Amino acid sequence: MSTPDTSTLLAQLRAVLTLTNTEIQVAETRIAQARTEAVRRELAENADNGRARAEAIEAAIRDLGGIPEVVGPFLGRVTAAIKAMAEQAQPFDEALLGDLALEHQLLDRARYIKALATAAGRREVIALADRLVTAHSATVEWLTTVLAEDALGGPAALRRTPLQAAAGTAVKLFNLPVSWSTRGLDRALDTVRSTPPALGDLLSRGAHAGDVAVKTLSASRDAALETAEQVTRNEGADSAADALHSIRATTGVLEPGELPIAGYDELNVSQAVAAVKDLTDPADIRAIVAYEEAHKNRHGVVSAAQTRLAAIAQEVAGLT
């Protein structure tokens, strides 16, 4: 009986090995973006598990008579480094979609490897493929959840890099709906003109677009955002005011009385966690996390809020 041709199987295993080395480096890069210690541990564990999978793939290649490429880990590091640099100029969601595309490719190739191994009668490779399918399916679900969390306004399990945060806020400001009258605009400008100029590079970048809100927000971030929200709401521009309120909530500068949990400043960790678990609006969760991180930074509360939002995001994404 002739020996089944395993050349295609070997080629796919080598391709998956290269992609796995990239995945390992991406996971290690993401550790610095983890919002909570639990997520940080999860990413570190993912990197360790990736290394174990890479070793198993190398063993399978040798068992089939092939030789793993020595430059594979190096290429993985280079690819991940290039990906990380490119992401600095991308919005956060595009970076996540790139990670998701990598995991989908790994998942699809693992399924293909299983089919090839089945045809070749290689039970040990079938078992390896099942292991890969399980691992990458879980990572696809996790990244999909993070992407849904970000779509709901956060807090996502991963933080934006400073440049990604700047890009995201600039987009929000550029698209801010404004329908003020000339007199209303003049009044807003007069109101914020006396505030200290300290808004920063982010808002000044948007000024060239001629956006009314950006020009109005040419003062300190906290005072100018609050003042602009009050002025726009007084002028009847509720959509613009709501958008400004959302930005204030995201940056953690709401006053205690504006928070969605009454008496929040007086709650201990256990009480705050219990109150967070009752929240159903992602915007409310976002406001609490931003305020918590800006003022108390109690990790247990932030973690509980992240878990609550993840449950909502999974439901929205159809993962539950």
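Residues numbered from 1 in each chain as written. Predicted model: local features only at pLDDT ≥ 70, side-chain atom pairs only at ≥ 80, totals over all residues. Heavy atoms only, no water.

Novice: I would appreciate a short explanation of the overall build of the protein in the present structure.
Specialist: A tally of helices and strands in the protein yields 14 helices and 0 strands. Going residue by residue from the N terminus, the α and β elements of the protein occur as α-α-α-α-α-α-α-α-α-α-α-α-α-α. Across the 320 residues in the protein, those meeting the buried criterion constitute 44%. Intrachain contacts of the protein at a sequence separation of at least 6 include 74% that bridge at least 24 residues. Looking at the protein as shown, the accessible area adds up to about 15,700 Å², and 54% of this sits on carbon and sulfur atoms. (Helix = DSSP H or I, 4+ residues; strand = E, 2+ residues; numbered from the N terminus. Buried < 20%, exposed > 50% of the residue type's maximum accessible area, 1.4 Å probe, protein only. Contact = heavy atoms within 4.5 Å. Areas by Shrake-Rupley, 256 points an atom, 1.4 Å probe, with all protein chains shown as cover.)

Novice: Is there a simple way to explain the nonpolar core in this structure?
Specialist: The tendency in soluble globular proteins is for nonpolar side chains to be buried side by side. Ranked by internal contacts, the top residues of the largest apolar core, which has 42 residues, are L9, L13, I57 and W142. Elements with a minimum of two residues in this core: α1 (7–31), α2 (37–63), α4 (92–120) and α5 (123–151). For L13, the contacting residues outside a window of four places in its chain are I57, A60, I61, L64, I113 and L128. Of all hydrophobic cores here, the second largest spans 19 residues; its members include A275, V301, A305 and L309. (Core = buried A, V, L, I, M, F, W, Y, C linked by side-chain atoms within 4.5 Å.)

Novice: Mind showing me how you'd approach the packing of helix α13 (residues 282–295) against helix α14 (residues 299–316) here?
Specialist: Axes are the key here: two packed helices are described by the angle between their axes and the distance separating the axes. Orientation of α13 relative to α14, taken along the N-to-C sense of each, is 160°, at an axis distance of 10 Å. Taken together, the axes of α13 and α14 are roughly antiparallel relative to one another. Considering only the axes of α13 and α14, their crossing is left-handed. Note on element contacts: α14 touches α13 through V301, V302, A305, R308, L309 and I312, opposite P282, I285, V289, E292 and E293. By residue class, the composition of the contact of α13 with α14 is 8 nonpolar, no polar and 3 charged. (Axes fitted to C-alpha atoms, helices over the stretch in contact; angles between N-to-C directions. Parallel < 35°, antiparallel > 145°, perpendicular 65-115°, else oblique. Left-handed = near helix turned anticlockwise from the far one by under 90°. Nonpolar A, V, L, I, M, F, W, Y, C, P; charged D, E, K, R; others polar.)

Novice: Explain the side chain of T145 to me, please; I cannot follow it from the model alone.
Specialist: With respect to the element layout, T145 can be found in helix α5. For T145, a relative accessible area of 5% puts it in the buried group. There is a polar contact of 2.9 Å between the side chain of T145 and the backbone oxygen of E141. Apart from residues lying up to four places away in sequence, T145 is in contact with A310, A313, Q314 and L319. (Polar contact = N/O pair within 3.5 Å; in protein donor to acceptor, adjacent residues only side chain to side chain.)

Novice: It is not clear to me how the packing of α4 against α5 should be interpreted in this structure. Could you clarify?
Specialist: Running from amino to carboxyl end, α4 crosses α5 at an angle of 160°, the nearest separation of the two axes being 8 Å. One element, α4, and the other, α5, form an angle in the roughly antiparallel class. As α4 packs across α5, the resulting crossing turns out to be left-handed. Taken together, the residues of the contact of α4 with α5 break down into 18 nonpolar, 6 polar and 7 charged.

Novice: Explanation requested: the confidence of the model for the protein in the structure shown.
Specialist: Low-pLDDT stretches of the model should not have their predicted coordinates read in fine detail. On average, residues of the protein score 76 in pLDDT, and 62% of them are at 70 or above. Here residues 178–189 is modelled with pLDDT under 50, and outside its nearest four sequence neighbours on either side it reaches 20 contacts, counting other chains as well. The low-confidence segment residues 191–219, where pLDDT is below 50, has 55 contacts with residues more than four positions distant or belonging to other chains. (pLDDT = per-residue confidence, 0-100.)

Novice: What am I meant to see in α13 here?
Specialist: Over its 14 residues, α13 runs 20 Å from end to end, which matches the ideal 20 Å to within 8%, given 1.5 Å per residue. Positive backbone phi, approximately 55°, marks N297, located one or two places after α13. (Expected span 1.5 Å × (residues − 1).)

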